[in-house]
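Each chain is listed here by its residues.
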Amino acid sequence: MAKSSVKLLGMLASPFSLKAQIALSLKSVDYEFIEEDLGNKSQLLLESNPVHKKIPVLIHDGKPVCESLIIVQYIDDAWTSNGPSFLPCNPFDRATTRFWAAYIDDKIYPCIRTIVFADGDEAKKTSGLHEANQIMGLLEDAFINCSKGKKFFGGENIGYVDIALGSFLAWIRVLEKLCSDSLIDETKTPNLFKWAQEFCDDDVVKVVLPDTEKLLEFANNLAARVKNANSK
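Residues numbered from 1 in each chain as written. Predicted model: local features only at pLDDT ≥ 70, side-chain atom pairs only at ≥ 80, totals over all residues. Heavy atoms only, no water.

Draft legend 1. Expanded view of the pairing of strand β1 (residues 6–10). The element β1 is largely enclosed, with a buried count of four among its five residues. In the sheet, β1 pairs with strand β3 (residues 57–60) via four bridges, with the strands oriented antiparallel. Within β3, the position partnered with L8 by the bridge is L58. For β1 and strand β2 (residues 32–35), the ladder comprises four bridges, and the chain directions are parallel. Its bridge partner being in β2, L9 is matched across the sheet by I34. With respect to chirality, the unit in which β1 leads through helix α1 (residues 15–26) into the neighbouring parallel β2 is right-handed. (Buried < 20%, exposed > 50% of the residue type's maximum accessible area, 1.4 Å probe, protein only. Helix = DSSP H or I, 4+ residues; strand = E, 2+ residues; numbered from the N terminus. Pairing = 2+ DSSP bridges. Right-handed = clockwise from strand over helix to strand, strands pointing away.)

The structure is reproduced here in structure tokens:
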């Protein structure tokens, strides 16, 4: 059997890797997923991303593409005939879409780190939760403006911002468990709540979404390892 011309170097627990997985699945692209151990990075990863030495890296016909949002756009450009585009054609809408996707990456990941590594510091955890709630409030308004009354940020089809935020959904559920509070619910963010249901129920997306309980276990183990390393 011939090897796939598309490889994805990543981690199953990584929301950044998940962006690429979702995009590839939505475009019906066959690919080989290569799980990386970030404590012992492969030579392929180091050679494919010599600048940042980070996941994810998409390798298409031997050529590497780095950074998750860039990878999603590359997938959209490389497989234009495989379903609807992730990005709108209108220049203003396109710019707005890129803005919110970048905002999601810049803001949500630091909240995850703050809460996961709080190490019993309730003030730090509360601060992270407060920040996360503010972010979700802004994204609630962004959804109303971007979706224009349709199911997704991208309209009737899953688009760029949907992939950006959707890749963090399982981790958002982990934060809710760690903080015993909700971030996306029918009361505080009714539009995002409905969007999250639509996104997770998509037949293509649901196959690649990680299990929340497994992510919670991963988060607890990671926090314990970091605490142990810092105590030495």
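Draft legend 2. Expanded view of the side chain of D162. With respect to the helices, strands and loops of the structure, D162 is situated in helix α6 (residues 160–166). At 2.7 Å, the side chain of D162 forms a polar contact with the side chain of W195. With sequence-adjacent residues up to four places away left out, D162 is seen in contact with F152, F153, G154, N157, W195 and F199. (Polar contact = N/O pair within 3.5 Å; in protein donor to acceptor, adjacent residues only side chain to side chain. Contact = heavy atoms within 4.5 Å.)

Draft legend 3. Quick peek at the sheet that holds β2. Strand order in the open sheet made by the four strands is β2-β1-β3-β4, with mixed pairing throughout. The open sheet has two edge strands, β2 and β4 (63–66), and neither has a second partner. Direction aside, neighbouring strands of the sheet carry axes that sit 20 degrees apart on average. Relative to the sheet, helix α3 (residues 68–78) contacts β3 and β4, its axis offset from that of β4 by approximately 125 degrees. (Axes fitted to C-alpha atoms, helices over the stretch in contact; angles between N-to-C directions.)

Draft legend 4. Broad picture of the nonpolar core. Ranked by size, the top nonpolar core spans 64 residues in total, and within it I108, M136, L139, F153, L165, L192 and W195 carry the most contacts. When residues in this core are grouped by element, the largest group, nine residues, is from helix α4 (residues 91–116). Core analysis: the second largest hydrophobic core is formed by seven residues, L9, M11, L45 and I55 among them. (Core = buried A, V, L, I, M, F, W, Y, C linked by side-chain atoms within 4.5 Å.)

Draft legend 5. Structural detail: the environment of D61. Within the fold, D61 resides in the loop between β3 and β4. Classification of D61 as exposed rests on a relative accessible area of 53%. Taking C-alpha positions, D61 is 8.8 Å from S4, a pair spaced 57 residues apart along the chain.

Draft legend 6. Focus on the packing of α4 against helix α5 (residues 122–147). Between α4 and α5, the least distance of the axes is 9 Å, while the angle of their chain directions is 160 degrees. One finds that α4 runs roughly antiparallel with respect to α5. α4 and α5 meet at a crossing whose hand is left-handed. On α5, the residues touching T96, W100, Y103, I104, K107, I108, C111, T114 and I115 of α4 are K124, K125, G128, L129, E131, A132, I135, M136, L138, L139, A142 and C146. (Parallel < 35°, antiparallel > 145°, perpendicular 65-115°, else oblique. Left-handed = near helix turned anticlockwise from the far one by under 90°.)

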